[in-house]
Structures are given as structure tokens and as C-alpha cells.
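# Structure assessment
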Amino acid sequence: MEENGTKCPPSEAGNGSLVFAVNGEKFELATLDPSTTLLQFFRYHTRFKSVKLGCGEGGCGACVVMLSKYNPELDQVEDFSVSSCLTLLCSVNGCSITTSEGLGNSKDGFHPIHQRFAGFHASQCGYCTPGMCMSFFSALAKAEKTNRPEPPPGFSKLTVSEAEKAIAGNLCRCTGYRPIADACKSFAADVDLEDLGLNSFWRKGEPKEVKLSRLPLYTPDGRFSRFPEFLKGRSKSPKSLHLENSSWYTPTTLEELRSLLNSNLIENDKLRLVVGNTGMGYYKELDNYDRYIDLRYLSELQTIRRNHHGIEIGAAVTISKVIACLKDADTLNYSTDGKQVFEKLANHMEKIASGFIRNSASIGGNLVMAQRKSFPSDIATILLAVGSIVSITTGHKHESITLEEFLTRPPMDSRSVLLSVQIPHLEPKGNGNNSGSNSKLVFETYRAAPRPLGNALPYLNAAFLADVSHQVSGVLVNNIQLVFGAYGTKHATRARKVEEYLSGRMLSASVLYEAVKLVKVDVMPAVGTSHAAYRTSLAIGFLFQFLSPFLRVGSVACGGLSNGLTGDLLKDSLENHRDTSLCQWEYSKLLLSAKQELKSSKEYHPVGEPITKSGAAIQASGEAVYVDDIPSPPNCLHGAFIYSTKPLARVKGVDLESNNQLSGVAALISYKDIPEQGENVGSKAMFGSEPLFADDLTRCAGQQIAFVVANTQKFADIAANSALVKYDTANLDPPILTIEEAVERSSFFQVPPFLYPKQVGDFSKGMAEADHKILSAEIKLPSQYYFYMETQTALAVPDEDNCMVVYSSIQCPELTHSVIATCLGVPEHNIRVITRRVGGGFGGKAIKAMPVATACALAAHKLRRPVRTYLNRKTDTILSGGRHPMKITYSVGFKSNGKVTALHLDILINAGISADISPLMPANIIGALKKYNWGALSFDIKVCKTNHSSKSAMRAPGDAQGSFIAEAVIEHVASILSMEVDSVRNLNLHTFQTLNVFYGESAGEALEYTLTDMWEKLGASSCLLQRKEMIEQFNQINKWKKRGISRVPIIYEVTLRPTPGKVSILSDGSIVVEVGGIEIGQGLWTKVKQMTAFALSSIGCSGTENLVEKVRVVQADTLSLVQGGFTAGSTTSESSCEAVRLCCNVLVERLAPLKSKLEEQVGPVNWDVLILQAHYQSVNLAANSYYVPDSSFMRYLNYGVAVSEVEINILTGEAKIVQADILYDSGQSMNPAVDLGQAN
Ligand SMILES: Cc1cc2nc3c(=O)[nH]c(=O)nc-3n(C[C@H](O)[C@H](O)[C@H](O)COP(=O)(O)OP(=O)(O)OC[C@H]3O[C@@H](n4cnc5c(N)ncnc54)[C@H](O)[C@@H]3O)c2cc1C
Ligand code: FES
Ligand code: FES
């Protein structure tokens, strides 16, 4: 397969070729590396760039496409979503694939999904959006094929709940899920349009019919899911693919499979059995296999058999199909208890990964991973609890063994194949003295994971099956199976000691207590397992949840009702099970609902109106071009970083593994390749620079050591991954790894005095006034990784005369420009940095994107060839450092009524190895912390230099921590005084006078201090008092679930920065705008367009009403608009708009005389005529500006208040937000839809 060639002529392709369709177009390939994924094929060999790479592990959904398979026997097409980053290209032989651009596009018209995503303001950076659209479209296509009643015109057969669940597993890092869910729900037959949030289709209060007529019409015409005729023939029999130097086998009988496994193929360790290939998402093996045996065509592995003994499921059956089959257990005459077991297994499986993974992941693949590699499987745990049996074949030997034996055997060898799993149909048996008819089966499964509804591996999972019967004195356990998994043991195991203890016993509080004690001993995570204590306490919590409902039966029985004991009591306890399944969210309920109210006016039309975000529809269709979507120029190479794994060491050399796979490697670039006149610089901020590569000494783990450049990104990644760096630490001082060590060795970054925040009042005096004191309390705040959906990426293209064009996904192209010029040792006018849009930045693409662009530029400079890179998620995470961890020690004095009189803080910030933006942290922390009137405030803040990767700006850097510290102190004070936290907060809010003392000039005018009003307003509108009472009642009734509510204020100080702008009017009246700011999803371009239209329309001629449609904002280009500055700190849109307004004012001034003249001559003129005349008359129609904010207006305060109600399960630690009410004073919003998008 050629790098950019997509199709082989059929004559070359021959019989063993791979044939499939993408958006109806035929693709036929004769040569390819069978380890190629569908995503790699799309991104590197086709124009279908809507398929984005976010994680490469099946965990984010950015790469989702719809796969359609034709079943010739049934003449039916099956459509489902899959993650293209894990799906192997060879496995789509004979299939049809639909991508978001295949649904619709700007040329042929957008699909209603694209239009509704845009209209419901459901995208910001847009990087996740095509994947979202495809997950949703797949659900839509599937629903249309059901025989549900026809929906009303314009709607689909999906229900609201299904519409919402269709995108579960698709991550978005910018937009709130509410607008995304609303866009999807708008298609549901049972939707109430009133429930849908802000959109650009209708206005609040319009009648339903009007609303409906405004929605882009959806008609399920099957146009997009029609299966291409040319593929139908191929679907009849699977074809093994005989590709050059590699093969993809598709055995259809066990005999064929055995002969393949018995051949010398198996000696080749580059052979892999495969079904869905999703295991790669977890193990991320970078090895290239060249022979695959696809198990999906063996009928034994695909069949589901049901009989009275249970359900036998072929190992290659996907988890989605297993779920459907278990839920459909009604069709056989299974017992009620047996059916419930099946249903609960299915419910648990719905929390495994996400729909697009379950659609290709097989049950067998999961169990084999659990058996061979100790994968923390859910399936192994739940199937073990119900006593499943597996069938395996090895050579000619065929055996059926219990799942338990399977898991405990040594890892299966490569000739063994798992054929099927039998899940028994269970019925209560009672015990010897007690017939089964009086007993009942109780089955529950549990899992605690970072995300309860899936897409996160569990900390612990468990499944419990009990055969119980009620007796006069309570509940008797006849038999019990307790399985725990995923807690750091090799595989799921039965807690035998607990089982033995409980079997045959009547349940009582003391029995439960003993059982719980035994669990502690039985469920012991292996040494080194993370969160070990939490996992053990979860195990106890789960068992407690399972058994405690039976105690109620016991207590009622002992209370003298023994005569009346019937099966009803037991039934009640089973009901209790349902009620107290505390860790299982009520998944059937709608996940999201929200309400927004906004007032907008036409006064500054179109500024202030909630217009649709610029480019939202092309983001949805996948046509929006991000850096990695730019087609590679000829001869383009790809780079990958080799980074240090030592915090402080001499680098003695770097060896690349010399095997054939690495033949594509073109060069290894290090600091030695920096031109003589250049400098080893990879980034710079106002406080200094950071080297591009470690020289002889690496100073932190994660420091770039070299950049491998190869023919493809895959080869570059493999080469970087296998590189061997030789280190030497002899005679070096030990690295500084903690802030305490930094203090001991006085390793600090200096904070310039003008940036160091000012103390307020006299701390000792404040303490002297206090009735109570807390001394030297401690808070530790950890770091946090970035997770922008688009990882760091750049493309450098050498140009004539030592020039270079660099496309970079960065928040500050101007500085990158300067860094690249310095590194290459060329004048700045030789470099041009272009940034069109960024797929999420959150501060991580300010400084941390610079070395990525600079390394590409250096490699391109040296090799005289274009070089690009798209960092894999792991490298990105390691290189980019993350949020600043810190340790805070505070002493606080306060009166008995809760009024704080003095606060002192000692803060140690771990800044890592270089200054980056860290010297700004003290000001940011204190800026947010000053939201309360502390009486006197003093502090000592040290920015510690350690041998960690340098920490950088991350979403409100310092502000987030400052606000957290303030709340921790207030809560501490309230707890000492046993007071309501809310009243302590209230008491310590600023008056305007104290605000002035703490914030000085930034406090502005008294009228602008809206926080206290908002505090009251939100208290009333969120019904804070009533809800507090309700929560108290809730907490009294519920033992294990507790709720809490709190109201928190926020003050955020912003600083405006100088910003350039340029507005040019073209001869047809269309307008092109350049601004220094970068569109990172925050809606900058949309607001700039609105401001341009508003400001130019002041010329006062007709034809300017819809001027906004004539405005295009174009990419940032550092040679076209200099001094672009940073996009950060929440003020870029505002300053860019002001810069643009200044340009427009100049243009209006130039146009006004001509307009008057024309009006005198011909009467009223419209915009197009005026502009054409201006062109003819050589009016300068381009204006530049550089907005420099007035120093008296440069800094101001923003206020917000939020009320959050949360619920916590105190047995498992799971927490959920029940409701959040937010009131934010955004002044006069330039676009409420965009601004609301920033909040939720
Ligand atoms: C993002 C993500 C989240 C996940 N979350 C969870 C979770 O929460 N809980 C959970 O339990 N699992 C989870 N999984 C694991 C998932 O269930 C497995 O990856 C999947 O079931 C494996 O099936 P597959 O068909 O893709 O196997 P493949 O990847 O094709 O194969 C996996 C391994 O098994 C071997 N193999 C496959 N079938 C057979 C067979 N019949 N006989 C012999 N060898 C075989 C293959 O050679 C390979 O070594 C998650 C996976 C991903 C990607
Ligand atoms: S799921 Fe494929 S890139 Fe994240
Ligand atoms: S809009 Fe979803 S990740 Fe940015």
C-alpha cells in the first residue's frame, strides 16, 4: 500500500485482495501491513479525515465510524459503531464503512445530525464531534431497522433515553454534555421539545409546531446505510487475504483452524489470533504482527445455543450480542430466578467499555486476556460467580472445564483456542434439609470504577450468588458463591473462606460482622496494587450491601411475626436488594437535564445574540481542518520523541533497535543537530526558556532527548519506543524529587517582586483578635494530566532561502515563531507559524506545544524535507507535565461567630525543572483565595525547582488551587465551631470596602460588585434552604447514601493584554478578519465575526443587517499579523473583538465620505455597491490595529456563585452531582450560547 495511494487497480489486486467500501466508494488493496488499523488507513491514505485520533485505546470515541455487514443468508445488513483506532483494516473485508463526511458535507449539504449539533451549540473545539455524530448515527440506523411503530414525521424510532445513551463512551473535553445530548434527543420520537435547551432553531415559548418546522428535517430514507451492491457477492464466503509478505487467515472450520495452528506458522511469534482486536487498547502492543488468524468465521465460535441447561455462547460472539441474548432469555422457559441472573449479567456487561467497543469486542477475547495476562476482567468475575464452563481446543484435544479451573491454569499456549462459554440456567436448590421450592436465588453484581457507567476499568468488581430460604428466625444461607475480581490478584477468585463460613448459617448482625472480617483477609490486593486499602474496603462494602437487606427479614421475624412468615418477607428483602444496590446508578433514568434562561437584546446586533458557532457544521462533518488533517507534502517524514526515564543522569548515548522494522527510520535528531548559529531552545515564556533536547545531562524524567524521524508515524513511534538510552548517574547529586528536598537545597525559581502578591493587614494583630485558632493545618494538592482530545502536533515544511512554514496546534504562535528562529539561528522573517484551530488546549498548548513544533522544524531544516508529528497519548501525557502539585500549611484565627480575623499560608509549589509560567502561580493562587475577607492575610510562597517535568498552565492555573484552599480553610473553621459552612462563608464575604482593600484598583466601582447580590439571588432561585431540609431528611432515612449541598462564591481577576487585529473588505463586500487570538473552541471566531458585523454596520447603509454572514475569520499567520501574543486567561475574545472594532472604525471612517457622496448622487446605497465603488475609487479597504488596553481598565474582577448538591455512597466512595445551579456575572455577553457552553 502506498503512503498516499488509496486504491490498487483490480487487476493488480487479484483474488486475495481486501475489498471494502467507504461512504459508498470502493477500495481494493493487494498489499498492506495487516497490523494497519482502520484509523491509520483513513488518516494516512484517504481524504476521510473526520476520523480523529484521540486516545488510540478505544477510550474516547473520536475515531468512531459505522460499520455495515451484509448477511447473505438473511439478506440483511447489520449496522453498528466501532472504534477505528482498534479495528484492523483486514477485518473489514467485504464491509461498508460510513464516516461523518459520508453523511453530508458543506458541498452536498449537511446531514440533519450535523445541522442539529451546530444548532444546539454542541461543539466547541469540535475534535470529538464527528465521532459523536457517528456513534449517534449508528444508533439511529440500527433503530430504523427495528419493527417499532413508525415515529411522527421528522423523528426517529429512538427513545430519548436511547438517544442519550448512544453517545455514552464518546468523550468531550470542552462542551458540556447537555447540548450534545439535546442535539441527539431532538431526534427521539418521545422527546418533549420543551425539555431541550438553548438552540438557534427556535425561541422560547414558540408553539410546538413552529419549533418542529424549524428543526432541520430528518427523514430516515436509508440513503446512508444502503449496502453497496459490489460488496454483496464478497460477503458470501470469507476470503483469506494473501498479502505480500503477510497473511490474514479466515478459517471457517475447526479442522482448517487446527491445521493452521499445527503448521509451522505457529512457530512464528509474529502470528496473532484475533477477533475484535480491542485487547490492543489495553495492552498497546506496538509489535507488528504479520500473520493473523481471524476467528470470526468459525461457526463454532459464533453460535449461541440455548437449552434448558443454559446458554452456550461462542467465544467470538461480541459482548453486544451476548447482552442482547441474555436480555432475550424470555424466549425459553427459564425460571424467574434464572432469568434474573441472565438479566443481571447483561446489565453488568453494559458497563464494560462503551457501545462502540462492545460491538466488536468478543466474550472469548476478554476471558483469554483474563486467563493469559491477568486482565482485570468484569466478565470473568460475573461468569465465575454463576459457575460457567468453558470449552477449549488444543491440537486435537477438546475439553470442557470450569471457568475457575480455566483461570487458575498456567497461561494458555498459542495453539489453544477458547471455543465457547456455557452460562448455566440456575434454579434454587435449597440444602439437604430444605427443599428448593422454599428457597430463592439472589444474584447481584457490583463494580466501582472512576466512571460508573462504563469506559473505565474497575477498582474492584464482584458478583454474589446466594441460595437462601427464610426460616422462622430469619434468612438461612443454603449456599453462596462470592467472587471478587480486578483488585490486583492474578484473576477473579472466590472468597472460599467467607463462602464456607456463611453456608448453612442463619444471617444475623454477628454473622455478617464475622463475614466482613473474613473478607478483609480473603480479598487482599497483591503488594504494589494501587488503592489497595480502598479496594479492600470496597469488597467489604459490596458484601455488606448484598447481605444486609436479609437482616431486616431476620429482625422482623425475631420481633414476633414468625407465624406470619411467608415468601413475601423474602421477596421484600429481594426488593431491598434493588433499592440498596447503592453502587449501581439508575441507568435507565435520563442522565442529563438542564434549564437555561437568557435575555438577549438586538441593541448591538448581532453582538449579544446567541448565534451558531462559526464552523460548527464543518466540525461535525469532519471537514474542519486541524493540523494533522493537512495532507502530507511529498517526501514528508514523521517524528517521535525519545524522552528521559531518569530524573537526573548523564546521557551516554541512544541506540535504536536495528531490525528490519526500523528500516523506515531516516534520522535521529538531538541537540547535536542544532545549527552552529542556533540555540538549544524548545520553548520560552516571560521567565526564561527550556532546552529543546537534553544535552549531556537529562534533568527530569520526560525531558526530550532525541527525535526519531521515520517514513511513517507508526515506524517513528515503534523506533522511539524501542530506543535504548544509556544513562550514567555516577558522581551526580541525587535528584530533587520532593518539595521538601527543594526547600532543603534552596532550589527555587525567583518570582519577580512586581508579580509577588501583596499581603493584607497585620497577621499578628488579626490573630490577637481571634477567639479561636487553627495552627499549621496542612493541605496537599496533587497534579493533574492534560487531556485535550487532539494531542500535540505540528508540521514543518522547508521553503526557499532557508525559510520554514510551521503548522502548529498552539495557543501562542508568536512565541513559537521566535523559538524556532532562535533554535535554527535564522532571522524571524524566515519563519512563518500558522495555526488555524486547536483541538482543545486548556493551557497545555501554550508553552508545551513549542518544543513539538521546534523539533519538527529542526528535523525539517536538517533533512530538507517536510517533517510532522502527532504525539501518541502516552508521550503527550509524559512530556506535557500537567498541573502544579503543592503543599499548603495554614494558620487561621477566627471569632466565635465564624468571622475570620487572620490567615497565614505557607505554600510550596512543585514547578518542576523549568520556570514555564510558574512564577505567575503565587499571584493566581492569592488572586482567587482573596474572594473572602480574611481580616489580615499573609503568606510565604515558594516556587520549587525539582527534577520533575515542568508544570504548566492548566485550566485556571493557581486560581483553581487558590479557591480550593479558601474553601478548605472556611470548612475547617466551620467544623471547629460546629457551624453551618454556608453561614461562615456568608459572614466572610467582602463588602465593597474590604474588596477594595484586598483587590485594589481591580475592584472597580461599587456598582460593579455584584457578588453579594448574586449570593442571595442564587440562594433563593436554587431553593437552598428548602433543599437543605430535604437533604437532612434524606440523610436520616438513608444509612449508606448521604447528600450534601453547598453554596460557593468565586472571584476571578482577569488581565487584558495587547492584541492585534486586521480587517479587510473584498470587492464583493465579503470581509476577511485576522486576529492574534487562536480559536481553541472558546468561540473566539464567532464573537469576532459578530463584532466585525456590528462595527462595520455603523456605516448605516442597507445590506448590513446580515453582515455577519459575509465575515470569515482566517487562520493565525505570524508573518501576516505580528505580535499575536497568547491565547489564555479568558480575555482573548474580548481583546480580539476590541482590536477588530478599532479596525472597523477606521474602515467606516474611510468609507463614510464616499457613502455621503454616493447618497447625494444616487440616493441610498447598499453595502455591496458602496464597497465596489470604494474599490474603484481606491479607498484603502484593509485596516490594522493593535489594541493596547488602558492601564486603568486592564484588570477587573468577575464574580460567580454556584450551588451544588452531591450524593456520596459511603460504602463505595462513589459520588454523583445531583444538581448544580450556577450564576455567573458575564457582564453583557457577546454570545450567550458560546458563553453558556463554557459553563456546561
Ligand atoms: C476502552 C476499553 C475498555 C474496556 N473496559 C473493560 C471493562 O470495563 N471490563 C472488562 O471486563 N473488559 C474491558 N475491556 C476489555 C474488552 O472486553 C476486551 O478487550 C475484549 O473483550 C477482547 O475481545 P476481542 O475480540 O477484541 O479480543 P482480541 O483483542 O481480538 O484478542 C485478545 C487476546 O485474546 C486472544 N484471543 C481472542 N479470542 C481468542 C480465542 N477464542 N481463543 C484463544 N485466544 C483468543 C487474542 O489472540 C489476543 O491475545 C475494555 C477494552 C477496551 C478497549
Ligand atoms: S477511541 Fe479511538 S481514538 Fe479514542
Ligand atoms: S468540543 Fe468536544 S473535545 Fe472539544
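- As recorded in an unreviewed UniProt entry, the protein chain goes by Abscisic-aldehyde oxidase-like isoform X2 and comes from Coffea arabica.
- Check the Subcellular location (unreviewed entry) section of the UniProt entry for the protein chain; it says "Plastid".

### Re the site of ligand 1
- Looking at ligand 1, there are 37 residues lining it, with Leu273, Thr278, Gly279, Ser362 and Asp378 nearest.
- Between an oxygen atom of ligand 1 and a side-chain N or O atom of Asn366, the distance comes to 2.9 Å.
- Broken down by element, the residue count for the shell around ligand 1 peaks at 5 residues, all from helix 16 (residues 363-373).
- Tallied by class, the residues present in the shell around ligand 1 amount to 21 nonpolar, 11 polar and 5 charged.

### Some details on the packing of helix 4 (residues 112-119) against helix 5 (residues 129-144)
- Where helix 4 contacts helix 5, the axes come no closer than 10 Å and their chain directions differ by 125°. By the angle class used here, helix 4 and helix 5 are oblique. Here helix 4 runs over helix 5; the crossing is right-handed. The segment helix 4 lies against helix 5, with Ile113, His114 and Phe117 engaging Thr129, Met132, Cys133, Phe136, Phe137 and Leu140.
- For the contact of helix 4 with helix 5, the residue count by class is 7 nonpolar, 2 polar and no charged.

### What about the packing of aromatic side chains?
- With the rule as written, the count across this model stands at 32 aromatic pairs.
- Look at Phe20 and Phe27: their rings are 5.6 Å apart centre to centre, the planes differ by 10°, and that puts the pair in the stacked class. In this pair, the class of Phe20 matches that of Phe27, namely buried.
- In this structure an aromatic cluster arises from ring pairing among Tyr446, Phe464, Phe484, Phe542, Phe546 and Phe550.
- For the cation-ring pair, Lys942 lies above Phe748, with the distance from its terminal atom to the ring centre recorded as 5.8 Å.
- The lysine or arginine in question, Arg1047, covers the ring of Trp1015, its NZ or CZ lying 4.0 Å from the ring centre.

### Focus on the environment of Ile736
- Position of Ile736 among the secondary structure elements: in the loop between strand 26 (724-728) and helix 25 (739-744).
- Taking relative accessible area as the criterion, Ile736 reaches 8% and is therefore assigned buried.
- Placed 135 residues apart in sequence, Ile736 and Leu871 show a C-alpha to C-alpha distance of 28 Å.
- Not counting residues up to four positions away in its chain, the partners in contact with Ile736 are Glu741, Ala742, Arg745, Ser747, Lys945, Thr946, Asn947 and His948.

### Concerning helix 38 (residues 1167-1176)
- The complete set of buried residues in helix 38 reads Trp1167, Leu1170, Ile1171 and Ala1174. Mapping the buried residues of helix 38 onto a view down its axis gives an arc of 95°, with all of them on the same face.
- Of the surrounding elements, those touching the buried residues of helix 38 are strand 37 (1059-1065), strand 38 (1071-1075), helix 36 (1084-1096) and helix 37 (1132-1162).
- With a side-chain oxygen lying 3.2 Å from the backbone nitrogen of Asp1168, the N-terminal cap of helix 38 falls on Asn1166.

### Here's the deal with the sheet that holds strand 3 (residues 64-71)
- Taking strand neighbours across the sheet as the criterion, the 5 strands line up as 2-1-5-3-4 in an open arrangement whose pairing is mixed. A strand with exactly one partner marks an edge of an open sheet, and here the two such strands are strand 2 (25-29) and strand 4 (76-83). Each strand of the sheet is rotated relative to its neighbour by a mean of 30°, with strand direction disregarded.
- Here strand 3 runs beside strand 4; their pairing, made up of 8 bridges, is antiparallel. Note that in strand 4 the partner of Val64 across the bridge is Ser83.
- The sheet contacts of helix 5 involve strand 3, strand 4 and strand 5 (96-98), and relative to strand 3 the element is tilted by about 30°.

### A few points about the confidence of the model for the protein chain
- Across the protein chain, pLDDT averages 91, with 92% of residues at or above 70.
- Contacts for the low-pLDDT stretch residues 1-14, under 50 throughout, to residues beyond four places or in other chains number 32 contacts.
- For the stretch residues 556-567, pLDDT sits under 50, and the model shows 14 contacts to residues farther than four places along the chain or on other chains.

### Points about the environment of Lys1216
- The topology assignment puts Lys1216 in strand 43 (residues 1215-1225).
- It is 23 Å that separates the C-alpha atoms of Lys1216 and Ala956, two residues lying 260 residues apart in sequence.

### Remarks on the environment of Cys60
- On the secondary structure map, Cys60 appears in the loop between helix 2 (38-45) and strand 3.
- Its relative accessible area of 2% is what places Cys60 among the buried residues.
- Sequence separation between Cys60 and Ala902 is 842 residues; the distance between their C-alpha atoms is 46 Å.
- Discounting residues that sit within four places of it in the chain, Cys60 has contacts with Gly54, Cys55, Gly169, Asn170, Leu171, Phe356 and Met789.

Calculation notes
Residues numbered from 1 in each chain as written. Chains lettered and ligands numbered in written order. Predicted model: local features only at pLDDT ≥ 70, side-chain atom pairs only at ≥ 80, totals over all residues. Heavy atoms only, no water. UniProt positions renumbered as here; feature names shortened; annotations may be inferred. Near = heavy atom within 4 Å. Polar contact = N/O pair within 3.5 Å; in protein donor to acceptor, adjacent residues only side chain to side chain. Helix = DSSP H or I, 4+ residues; strand = E, 2+ residues; numbered from the N terminus. Nonpolar A, V, L, I, M, F, W, Y, C, P; charged D, E, K, R; others polar. Axes fitted to C-alpha atoms, helices over the stretch in contact; angles between N-to-C directions. Parallel < 35°, antiparallel > 145°, perpendicular 65-115°, else oblique. Left-handed = near helix turned anticlockwise from the far one by under 90°. Contact = heavy atoms within 4.5 Å. Phe/Tyr/Trp six-rings, centres within 6.5 Å; stacked < 30°, edge-to-face > 60°. Buried < 20%, exposed > 50% of the residue type's maximum accessible area, 1.4 Å probe, protein only. Lys NZ or Arg CZ within 6 Å of the ring centre and 35° of its normal. Arc of directions from axis to C-beta. Pairing = 2+ DSSP bridges. pLDDT = per-residue confidence, 0-100.

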